[in-house]
Amino acid sequence: MTAAPSVSAPTGRTQVDGLEPNGLVRDALIVYRRQIRMNLRNPAWVLIGIMQPVLYLVLFGPLLKPLVGSFDLPTDNPYTFLVPGLLVQLGMFGAFFAGFGLIAEWREGVVEAERVTPASRAALLVGRLARDLSLLLVQALILVGLGYWMGMRGDALGIVAGIVITLAVGGACAAASNALALTTKSEDVMAPIINMVMMPVLLLSGIMLPMTLGPAWLESVSDFMPFRWVTDAVRSTFLGDFGSSGVMWGVTWAVALLALGVWWGTAVFRKENS
């Protein structure tokens, strides 16, 4: 009796699990190129996204000049204090609204079309995050350049470190925004949730004014706000102070939020496309 001929397993990917590193990078680049081409067709959104922090810088910055000396801060330059906070605000607010575009793609069937391809599920999120971080980097450079033009001064290496921390926070918020978008699938539901979350975050993070100006109970509450530590860390790095405990806590929180956001976003994409 002759043995039945063996049948070799197909070499192509027949199951999408997002675990192959090479496949993840390749698929993420494909998603990234598509997403970035869509943004390049309408670059006005880059400027629209940065308008809020720029307006704060231009209109609120001059109001800080006579006040910053009474803040008990390591700098008396109002823009050296304000620009790092606005960077964190840009990373949070700009990235948190990234999910609205995903809702539009889901409604138009783009997400469903990606689902039937052999693309890594994790790459569907990573490619979009790379797009969001690219836009955030351009906006951050514009904001820092404008701040320098208006009189901000800071340590060059510290400014680079502050931008990197901002990108980590922006990646966390963008990943959470994409996860929330696929969970709600409705702008009418998502917008109130974001506004409800962002208002206390903005007030308790010390982005516009230091929390030391408020009552003791409010400052104590802000200690439990991760973005407050991130804001303090970015301000410290701008001044070249890398060894403070505030920088350590801020970087730790930024990395933890990024890991949590990517985990949540990836889990939702895999669940959505299972």
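Residues numbered from 1 in each chain as written. Predicted model: local features only at pLDDT ≥ 70, side-chain atom pairs only at ≥ 80, totals over all residues. Heavy atoms only, no water.

A. Inspection of the overall build of the protein chain at higher detail. Along the backbone of the protein chain there are 11 helices and 0 strands. Reading the protein chain from its N terminus to its C terminus gives the helix and strand order α-α-α-α-α-α-α-α-α-α-α. Evaluated residue by residue, the protein chain yields a buried proportion of 45% over its 274 residues. Considering only contacts in the protein chain between residues 6 or more positions apart, those separated by 24 or more positions represent 79%. Summed over all atoms, the accessible surface of the protein chain reaches about 14,000 Å², with 69% contributed by carbon and sulfur. (Helix = DSSP H or I, 4+ residues; strand = E, 2+ residues; numbered from the N terminus. Buried < 20%, exposed > 50% of the residue type's maximum accessible area, 1.4 Å probe, protein only. Contact = heavy atoms within 4.5 Å. Areas by Shrake-Rupley, 256 points an atom, 1.4 Å probe, with all protein chains shown as cover.)

B. Fine view of the environment of glycine 101. Inspection of the secondary structure puts glycine 101 in helix α4 (residues 99-108). Judged by its relative accessible area of 39%, glycine 101 is partly exposed. It is 8.8 Å that separates the C-alpha atoms of glycine 101 and alanine 181, two residues lying 80 residues apart in sequence.

C. Here's a closer look at the nonpolar core. Grouped together as the largest cluster of nonpolar side chains are 65 residues, with contacts concentrated most on Met92, Phe227 and Phe238. At the level of elements, α2 (44-64), α3 (78-96), α4, α6 (121-150), α7 (156-184), α8 (187-204), α10 (226-238) and α11 (245-272) are the ones that each hand at least two residues to this core. No other element matches the 15 residues that α7 contributes to this core. Excluding anything up to four places from it in sequence, methionine 92 contacts Val169, Cys173, Met198, Val201, Ile207 and Phe227. (Core = buried A, V, L, I, M, F, W, Y, C linked by side-chain atoms within 4.5 Å.)

D. Main features of the packing of α3 against α8. In contact at an axis separation of 11 Å, α3 and α8 are set at 170 degrees when each is read in the N-to-C sense. Here α8 runs roughly antiparallel to α3, going by the angle between their axes. For the pair α3 and α8, contact is made by Gln89, Met92, Phe93 and Phe96 and by Met190, Ile194, Met198, Val201 and Leu202, respectively. In the contact of α3 with α8, the residues fall into 8 nonpolar, 1 polar and no charged. (Axes fitted to C-alpha atoms, helices over the stretch in contact; angles between N-to-C directions. Parallel < 35°, antiparallel > 145°, perpendicular 65-115°, else oblique. Nonpolar A, V, L, I, M, F, W, Y, C, P; charged D, E, K, R; others polar.)

E. A look at the packing of aromatic side chains. With the rule as written, the count across this model stands at 2 aromatic pairs. With a centroid separation of 5.5 Å and 15 degrees between ring planes, the pair formed by phenylalanine 97 and phenylalanine 100 is classed as stacked. Considering the side-chain rings of tryptophan 229 and tryptophan 249, the 6.4 Å spacing of their centres and the 45 degrees angle between planes classify their relative orientation as tilted. With tryptophan 229 in helix α10 and tryptophan 249 in helix α11, the pair connects residues that are 20 residues apart, well separated along the chain. A residue is classified by how much of its surface remains accessible, and tryptophan 229, at 24% relative accessible area, is partly exposed. In this structure, arginine 228 is placed above the aromatic ring of tryptophan 229, and the distance from its NZ or CZ to the ring centre is 6.0 Å. Taking NZ or CZ as reference, arginine 235 lies 3.8 Å from the ring centre of phenylalanine 81, over its face. (Phe/Tyr/Trp six-rings, centres within 6.5 Å; stacked < 30°, edge-to-face > 60°. Lys NZ or Arg CZ within 6 Å of the ring centre and 35° of its normal.)

F. Just the UniProt feature "transmembrane region" (unreviewed entry) in the protein chain, in detail. Under the present numbering, the feature "transmembrane region" (unreviewed entry) in UniProt falls on residues 43-61, 81-103, 133-150, 156-181, 193-218 and 247-269. Spanning residues 81-103, this segment combines 91% helix with 0% strand, and its end C-alpha atoms are found 36 Å apart. Secondary structure across residues 247-269 divides into 100% helix and 0% strand, with the first and last C-alpha atoms of the span separated by 33 Å. (UniProt positions renumbered as here; feature names shortened; annotations may be inferred.)

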